[in-house]
Amino acid sequence: MTTGLNYQNLDGLIACPHCDLLHELEALQPGQRATCSRCHSTLITTKSETMDRTLALALASAVLMAGALCFPFLGMSKAGLERKASIVDVILAFSEGWYVLLGLCVLLFVVVLPMVRAALLVYTIWPLRQGRPALPHAKLAFAWAEALAPWAMTEIFIIGTAVALIKIGGLATISFGTSFWLFCVLVLVIGFQNASVCRWTIWSTIRKVTA
Amino acid sequence: MISAREAGLVGCHRCGTVHQPQDHDCRMCGKTLKSRKPNSLQKTWAWLITGLVFYIPANVFPLLSNRVLGSEDGHTIIEGIILFFKKGDFLVASVIMAASLLIPIGKFLIVGFLVLSIHYRWNLSAHARLVLYELVEFIGRWSMIDVFVVALLASLIRLGAIISILPGPGSVCFALSVVFTMISAQSIDAKLIWDDTSKEPKHE
Ligand SMILES: [Zn+2]
Ligand SMILES: [Zn+2]
């Protein structure tokens, strides 16, 4: 072969999961990032603290979400009357009829799936971080955490809130509750969490500790 | 530049580990190995058409309905946009127009075009296809914005007891349409984008 790739040792190769191009694995310097030379998707990041970071951010997002559910999200006042609504109130506002579906959409995409992802990441990474063998079904857990990523829509919900507020603007005076700001921080934390995961590092660590 | 398939090997879709063609499961992540996702394009079509079918009632039925003194008058997506343009709320009108009209319709067209261009090996650069694919992957989720807006509006107004606004059937159809088109975009095997261009004989 003229391509210079060594097909005898398949563990020395990586095929870009997005475009199938073969690359030779080489040792990266800390802080370096290997990207696919054809589609430019990230193959490997060598942030040595990738697991620490992901773990810390996943735990932080769980704490923030717990807080965001407890405190009031928005307050509305009109003619001296003030109402405060939490996210739970928003979800439970439609508890009858087919409107339930809409509340379920918010519950699922905004609250449940981001937390399920955080839990799966912690479940997978925590033992690896401690140098212990992976917990049962860790591969499946991490695969699900990755697959659910597009379905966690906290950031879309916050933009949706802004639009809803502009729409409602004329009808009542709106004040932001603690939960709104916690949600904004949560959006950032989840963003950093997703950026800090190095799939290759986690897959190879799972393999190393289970072998 | 050689792909795993051209080298007679199979690259895992999930983690990228390279395997012999006879291997069944990925030794790294456990995923069932396939050189290319089976029936990827047919599945994409099926989900896309389902999404399109739900997009029609999403536009015909009202997204929101005001219940004022027993008489119900709602507005559909397009009526809502016109309402805001008339009020002079160009920002809201543009956000809603982008999220509920341009992104969904653009997505149907782009996914359809991508699948056709892969299937009929249209003479289109792989990079152009990649840009379209990434665009669809990235923006598709953002259509959900309007579903959240409707849910928030209706529940806040209900909780505030100002006036009664109820979500209309259009909103649920719209949510389903977004979900189905997201699944459709995820069914595309991005590796197919590169296959035909690399079919040409290699000169070193
Ligand atoms: Zn690539
Ligand atoms: Zn794999």
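Criteria and thresholds
- Residues numbered from 1 in each chain as written.
- Chains lettered and ligands numbered in written order.
- Predicted model: local features only at pLDDT ≥ 70, side-chain atom pairs only at ≥ 80, totals over all residues.
- Heavy atoms only, no water.
- Helix = DSSP H or I, 4+ residues; strand = E, 2+ residues; numbered from the N terminus.
- Rg over C-alpha atoms; globule rule 2.2 N^0.38 Å.
- Buried < 20%, exposed > 50% of the residue type's maximum accessible area, 1.4 Å probe, protein only.
- Contact = heavy atoms within 4.5 Å.
- Areas by Shrake-Rupley, 256 points an atom, 1.4 Å probe, with all protein chains shown as cover.
- Lys, Arg positive; Asp, Glu negative; His and termini not counted.
- Charge placed at Lys NZ, Arg CZ, Asp CG, Glu CD.
- Donors = N, O, S within 2.8 Å, 3.2 Å for Na, K, Ca; no water.
- Tetrahedral: all angles 85-135°; square planar, octahedral: opposite > 155°, others 65-115°.
- Axes fitted to C-alpha atoms, helices over the stretch in contact; angles between N-to-C directions.
- Parallel < 35°, antiparallel > 145°, perpendicular 65-115°, else oblique.
- Left-handed = near helix turned anticlockwise from the far one by under 90°.
- Nonpolar A, V, L, I, M, F, W, Y, C, P; charged D, E, K, R; others polar.
- Buried area = accessible area lost by both parts, 1.4 Å probe.
- Salt bridge = Lys/Arg side-chain N within 4 Å of Asp/Glu carboxyl O.
- Polar contact = N/O pair within 3.5 Å; in protein donor to acceptor, adjacent residues only side chain to side chain.
- pLDDT = per-residue confidence, 0-100.
- Phe/Tyr/Trp six-rings, centres within 6.5 Å; stacked < 30°, edge-to-face > 60°.
- Expected span 1.5 Å × (residues − 1).
- Domains from an automatic or database assignment.

A. The overall build of chain A, seen in detail. Check the secondary structure of chain A and you find seven helices and seven strands. In chain A, the succession of α and β elements from N to C terminus is β-β-β-β-α-β-β-α-α-α-α-β-α-α. Expected size for 211 residues packed as a compact globule is a radius of gyration near 17 Å; at 22 Å, chain A overshoots this value by more than 25%. For chain A, the spread of C-alpha atoms along the principal axes amounts to about 80 × 35 × 35 Å. Among the 211 residues that make up chain A, the fraction classed as buried is 50%. Intrachain contacts of chain A at a sequence separation of at least 6 include 60% that bridge at least 24 residues. When the accessible surface of chain A is split by element, carbon and sulfur atoms take 64% of a total near 9900 Å². Between the centroid of the 15 positive side chains of chain A and the centroid of its 11 negative side chains there is a distance of 3 Å.

B. Quick peek at the coordination of the zinc ion (ligand 1). Surrounding the zinc ion (ligand 1) are the protein donor atoms Cys16(A) (SG), Cys19(A) (SG), Cys36(A) (SG) and Cys39(A) (SG), at 2.2 to 2.3 Å. Given four donor atoms and angles of 102 to 115° at the metal, the environment of the zinc ion (ligand 1) is assigned as tetrahedral.

C. Structural detail: the coordination of the zinc ion (ligand 2). Residues and elements named next belong to chain B. Taken together, the protein ligands of the zinc ion (ligand 2) are Cys12 (SG), Cys15 (SG), Cys26 (SG) and Cys29 (SG), with distances of 2.2 to 2.3 Å. Coordination at the zinc ion (ligand 2) comes from four donor atoms whose angles at the metal span 103 to 117°, giving a geometry best classed as tetrahedral. In primary sequence terms, the donor set of the zinc ion (ligand 2) follows C-x2-C-x10-C-x2-C. Separated by 17 residues along the polypeptide, Cys12 in the loop between strand E1 (10-11) and strand E2 (18-19) and Cys29 in the loop between E2 and helix H1 (40-60) bring together distant segments of the chain. Given the relative accessible area of 1%, Cys12 is considered buried. Relative accessible area serves as the criterion here: at 2%, Cys29 is assigned to the buried category.

D. Region of the structure containing the packing of helix H3 (residues 100-129) of chain A against helix H7 (residues 199-210) of chain A. Residue and element names in this part refer to chain A. Axis separation between H3 and H7 bottoms out at 11 Å; the angle between their running directions is 60°. With respect to H7, the axis of H3 lies oblique. When the axes of H3 and H7 are compared, the crossing they make is left-handed. Contact residues: H3 offers Thr124, Ile125 and Leu128, while H7 offers Ile202, Thr205, Ile206 and Val209. When grouped by side-chain class, the residues that make up the contact of H3 with H7 number five nonpolar, two polar and no charged.

E. Looking closely at the interface of chain B and chain A. Every contact between the two is made by 67 residues of chain B and, on the other side, 62 residues of chain A. Together, the buried faces of chain B and chain A total about 6000 Å²; carbon and sulfur atoms form 75% of this surface. The interface formed by chain B and chain A contains four salt bridges. For Asp11(A), the salt bridge goes to Arg27(B), with nearest N and O atoms at 2.8 Å. Summed over the shared surface of chain B and chain A, the result is 13 residue pairs in polar contact (both at pLDDT 80 or more). For the side of chain B that touches chain A, the elements supplying multiple residues, two or more each, are E2, helix H3 (90-119), helix H4 (126-139), helix H5 (145-160), strand E5 (164-167) and helix H6 (169-187) of chain B. Top element by residues in the side of chain B that touches chain A is H5(B). It accounts for 15 residues. When its residues are assigned to classes, the side of chain B that touches chain A shows 42 nonpolar, 15 polar and 10 charged.

F. Up close: the confidence of the model for chain B. All names here are of chain B. The predicted model of chain B averages 85 in pLDDT, with 89% of residues at 70 or higher. Contacts of residues 200-204 to residues separated by more than four positions or lying in other chains number three contacts, the stretch itself having pLDDT below 50. Predicted complex metrics record ipTM = 0.87 and pTM = 0.88.

G. Just the environment of Trp200(A), in detail. Tracing the chain through its elements places Trp200(A) in helix H7. Along the chain, Trp200(A) and Gly12(A) lie 188 residues apart, while their C-alpha atoms are 13 Å from each other.

H. Main features of the packing of aromatic side chains. Enumeration over the complete set of coordinates arrives at 16 aromatic pairs over all chains. Here Phe157(A) and Phe183(A) contribute two aromatic rings whose centre-to-centre distance is 5.8 Å and whose plane-to-plane angle is 50°, an arrangement assigned as tilted. Pair noted here: Phe157(A) is in helix H5 (residues 154-168) and Phe183(A) is in helix H6 (residues 178-196), with a separation of 26 residues, a long-range link. Both residues of the pair, Phe157(A) and Phe183(A), count as buried. Ring plane angle 50° and centroid distance 6.2 Å describe the contact between Tyr55(B) and Phe174(B), whose orientation is recorded as tilted. Residue Tyr55(B) is found in helix H1, and its partner Phe174(B) is found in helix H6; the two are separated by 119 residues along the sequence. Residue classification places Tyr55(B) among the buried positions, given a relative accessible area of 7%. The exposure class of Phe174(B) is buried, given its relative accessible area of 2%.

I. H7(A), seen in detail. All names here are of chain A. In this model H7 runs 17 Å from its N-terminal to its C-terminal C-alpha over 12 residues, within 8% of the 16 Å that 1.5 Å per residue would give. Listed as buried for H7 are Trp200, Ile202, Trp203, Thr205 and Ile206. Buried residues along H7 sit against strand E1 (13-15), strand E4 (42-45), helix H1 (50-70), H3 and helix H4 (138-147).

J. Molecular detail of the domain arrangement of chain B. Residues and elements named next belong to chain B. In terms of domain boundaries, chain B breaks down into domain 1 (1-35) and domain 2 (38-203). Between domain 1 and domain 2, roughly 530 Å² of surface is buried when both sides are summed, and carbon and sulfur atoms account for 39% of that area. Considering only the surface of domain 1 that becomes buried against domain 2, Arg5, Glu6 and His13 emerge as the three largest contributors, covering 58% of it. Taken together, the connections running from domain 1 to domain 2 amount to one salt bridge.

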